[in-house]
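# Working through the structure, step by step
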Amino acid sequence: MATNLADGLGPLAKKLFIKTYGCQMNVYDSARMAEVLAPLGYAPGEGPEDADVVILNTCHIREKASDKVYSELGRLRLIKDQRAEDGQQTVIAVAGCVAQAEGEEMLRRAPYVDIVLGPQTYHRLPEMVARAHRASQSGERGGGVLETEFPIESKFDHLPLQRQESGVSAFLSIQEGCDKFCTFCVVPYTRGAEFSRPVMQIVAEAEALVAGGVRELTLLGQNVNAYHGLNAEGREIGLGSLARRLAEINGLARIRYTTSHPRDVDDDLIAAHGDLPELMPYLHLPVQSGSDRILEAMNRGHDAESYLRTIDRLRAARPDLAFSCDFIVGFPGESDADFEATLDLIRTVEYAQAYSFKYSSRPGTPAAGMPRQVPEDVKDARLARLQALLMEQMTAFNEASLGTTCDVLFERPGRHSGQLVGRSPYNQAVHVDAPGHAVGDMATVFIETCKSHSLGGRLLEGDRPESGARDEKRLSA
Ligand code: SAH
Ligand code: SF4
Ligand code: F3S
């Protein structure tokens, strides 16, 4: 067993393994959990087999997502038993949205789980790990630690500042939770009420990331454009103003944000898209359905017409803006005509990218009890038609890049030596022959090839990135 801090021998590395499911916010949270455990001597390990602490950061959004957790737990149990035979202790923690939704039941169903912790309690993780260790050393049965309340204090005030040491692109949570209560969705129950981090806390985190080499930030929130954080003067500001403030950070080349809600796209945010070259011309703006009847039953708070008007206003402010979207097919009561209205909306908008799902009934949500649930085979057929149409649009969008130039921010080495992979303003992966030191630089690239999930191009002569160009802002128009 590795030594711990309490032995006075210093932090000998113990191993931590985190497996992350679900949305980007979970990815961000997993990194913060690793950071909060680092001072206790936990370093990232390769897999669960040699880990002293294993965390599953779970997602509850659809049935399939939560089912994965229990099958993974079954595997972890075997590993834990095996390690115990070798005299090693394993703490199993379940975090995230399934933990929040099923806390107590989970400890009953999987008693070998040591800790179940909800998304708002991660700052207390060190104390929970210590408690779990104590419980298991004393051989206590049923000593599982359960922390799923929504504490009064904000975890963001107690977690260490994110210290990303490498990486060109980073996530930054600015808002969490949701007050919208769409009738199909578990998020308001698993993440709690809408909460916005104060502006200066976000700016400090962004500045630290940029100082560490980050050049692109993706601002995260379940309803990111419902952001209304307090600034230094104690006034509330919205996402548009926050983006303006962040764009002032020298060395920050790109800002993205996700996921936004059509109802919260305000004038200031639209104006920011027109004013800020740093704000990438690519926006995820989920509509779920094109039918007014279904939008109402979903409690989305807008109709198809107002969604299309928002898209038009955004495009007027920033003509090169491209959109991505989420769709649900087979919501209770969805008729053929409702579904056709969704296809019509897609034809009108023309998306660059989209994610589509069969409606999945979630326990405790209003839609789960609605009449006229749609049969599985109808959902399958609708999903196939929807995805075929979206695929045509995504392919057309990627093919339209052929023969154009765009700014590429290099992120990492490619598969072949001498090659780098970067991102276009539209978040497309672009493979380019470029020197290794150019990671973190932006360059103009001529796009020559187009595959289903990536583009290929070459550096334009005279625009070869040079090392040391990092704090110079070179931006797309
Ligand atoms: N806040 C975002 C969505 C977050 S959940 C928004 O309002 O758009 C991510 C996506 O999962 C949703 O956009 C929706 O398309 C899908 N989703 C959520 N609940 C679902 C359910 N019960 N069944 C199927 N898909 C669902
Ligand atoms: Fe879920 Fe609706 Fe909130 Fe999005 S806005 S997280 S879909 S309840
Ligand atoms: Fe899943 Fe929770 Fe994100 S339910 S999508 S992990 S907010």
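Up top is the structure these notes are about.
Overview of the structure.

Definitions and cut-offs
- Residues numbered from 1 in each chain as written.
- Chains lettered and ligands numbered in written order.
- Predicted model: local features only at pLDDT ≥ 70, side-chain atom pairs only at ≥ 80, totals over all residues.
- Heavy atoms only, no water.
- Axes fitted to C-alpha atoms, helices over the stretch in contact; angles between N-to-C directions.
- Helix = DSSP H or I, 4+ residues; strand = E, 2+ residues; numbered from the N terminus.
- Left-handed = near helix turned anticlockwise from the far one by under 90°.
- Contact = heavy atoms within 4.5 Å.
- Nonpolar A, V, L, I, M, F, W, Y, C, P; charged D, E, K, R; others polar.
- Buried < 20%, exposed > 50% of the residue type's maximum accessible area, 1.4 Å probe, protein only.
- Arc of directions from axis to C-beta.
- Near = heavy atom within 4 Å.
- Polar contact = N/O pair within 3.5 Å; in protein donor to acceptor, adjacent residues only side chain to side chain.
- Areas by Shrake-Rupley, 256 points an atom, 1.4 Å probe, with all protein chains shown as cover.
- Pairing = 2+ DSSP bridges.
- Patch = residues over 30% accessible without salt bridge, like charges linked within 9 Å, V, L, I, M, F, W, Y side chains within 5 Å.
- Salt bridge = Lys/Arg side-chain N within 4 Å of Asp/Glu carboxyl O.
- Lys, Arg positive; Asp, Glu negative; His and termini not counted.
- Charge placed at Lys NZ, Arg CZ, Asp CG, Glu CD.

## A closer look at the packing of helix 2 (residues 63–85) against helix 3 (residues 96–109)
One way to put it is that helix 2 packs onto helix 3 with a least axis distance of 12 Å and a crossing angle of 35°. At the point where helix 2 passes helix 3, the crossing takes the right-handed sense. Counted together, Ser66, Val69 and Tyr70 of helix 2 and Val98, Glu102, Met106 and Arg109 of helix 3 form the full contact between these two elements. Here the contact of helix 2 with helix 3 is built from residues that sort into four nonpolar, one polar and two charged.

## Describing helix 9 (residues 267–275)
For helix 9, the full list of buried residues reads Leu269, Ile270, Ala272 and His273. The buried side chains of helix 9 occupy one side of the element, clustering within an arc of 155° when seen end-on. Each element contacted by the buried residues of helix 9 is listed here: helix 8 (239–247), strand 13 (254–258), strand 14 (282–284) and helix 11 (304–317).

## Considerations on the site of ligand 1
Close contacts around ligand 1 come from 16 residues, with Gln222, Gln288, Arg300, Asp326 and Ser360 the closest. Gln222 is positioned with one of its backbone polar atoms (N or O) 2.8 Å from a nitrogen atom of ligand 1. Here a nitrogen atom of ligand 1 sits 2.8 Å away from a polar atom, N or O, in the main chain of Ser360. Against a free-state accessible area of 540 Å², the protein chains account for coverage of 89% of ligand 1. For the shell around ligand 1, the secondary-structure elements that each account for two or more residues are strand 15 (322–329) and strand 16 (353–358). Residues belonging to the shell around ligand 1 are distributed by class as follows: six nonpolar, five polar and five charged.

## Observations regarding the site of ligand 2
With respect to spatial proximity, the complete set of residues near ligand 2 consists of Cys178, Lys180, Phe181, Cys182, Phe184, Cys185, Val187, Pro188, Asn223, His261 and Arg300. Taken together, the residues of the shell around ligand 2 sort by class into seven nonpolar, two polar and two charged.

## Side note on the pairing of strand 19 (residues 429–433)
Where strand 18 (residues 419–423) and strand 19 come together, five bridges link them in antiparallel fashion. Paired with Leu420 across the two strands is Val432, which belongs to strand 19. With four bridges connecting them, strand 19 and strand 21 (residues 454–459) associate as parallel partners. Bridging from a neighbouring strand, Ala429 pairs with Ser454 of strand 21.

## A short note on a negative patch on the surface
The grouping of Asp292, Glu296, Asp303, Glu305 and Asp312 at the surface amounts to a negative patch. Among the secondary structure elements, those contributing two or more residues to the negative patch are helix 10 (292–297) and helix 11. Topologically, Asp292 is positioned in helix 10.

## Quick word on the sheet that holds strand 3 (residues 53–58)
Strand order across the open sheet formed by six strands is 2-1-3-4-5-6, with parallel pairing between neighbours. Lying at the two open borders of the sheet, with one neighbouring strand each, are strand 2 (42–44) and strand 6 (145–147). For this sheet, the mean inter-axis angle between neighbouring strands, taken without regard to orientation, is 20°. Set on the sheet, helix 1 (residues 24–37) makes contact with strand 1 (14–20), strand 2, strand 3 and strand 4 (91–95); between it and strand 1 the angle comes to about 170°.

By themselves, these are just geometric observations and shouldn't be taken as functional.
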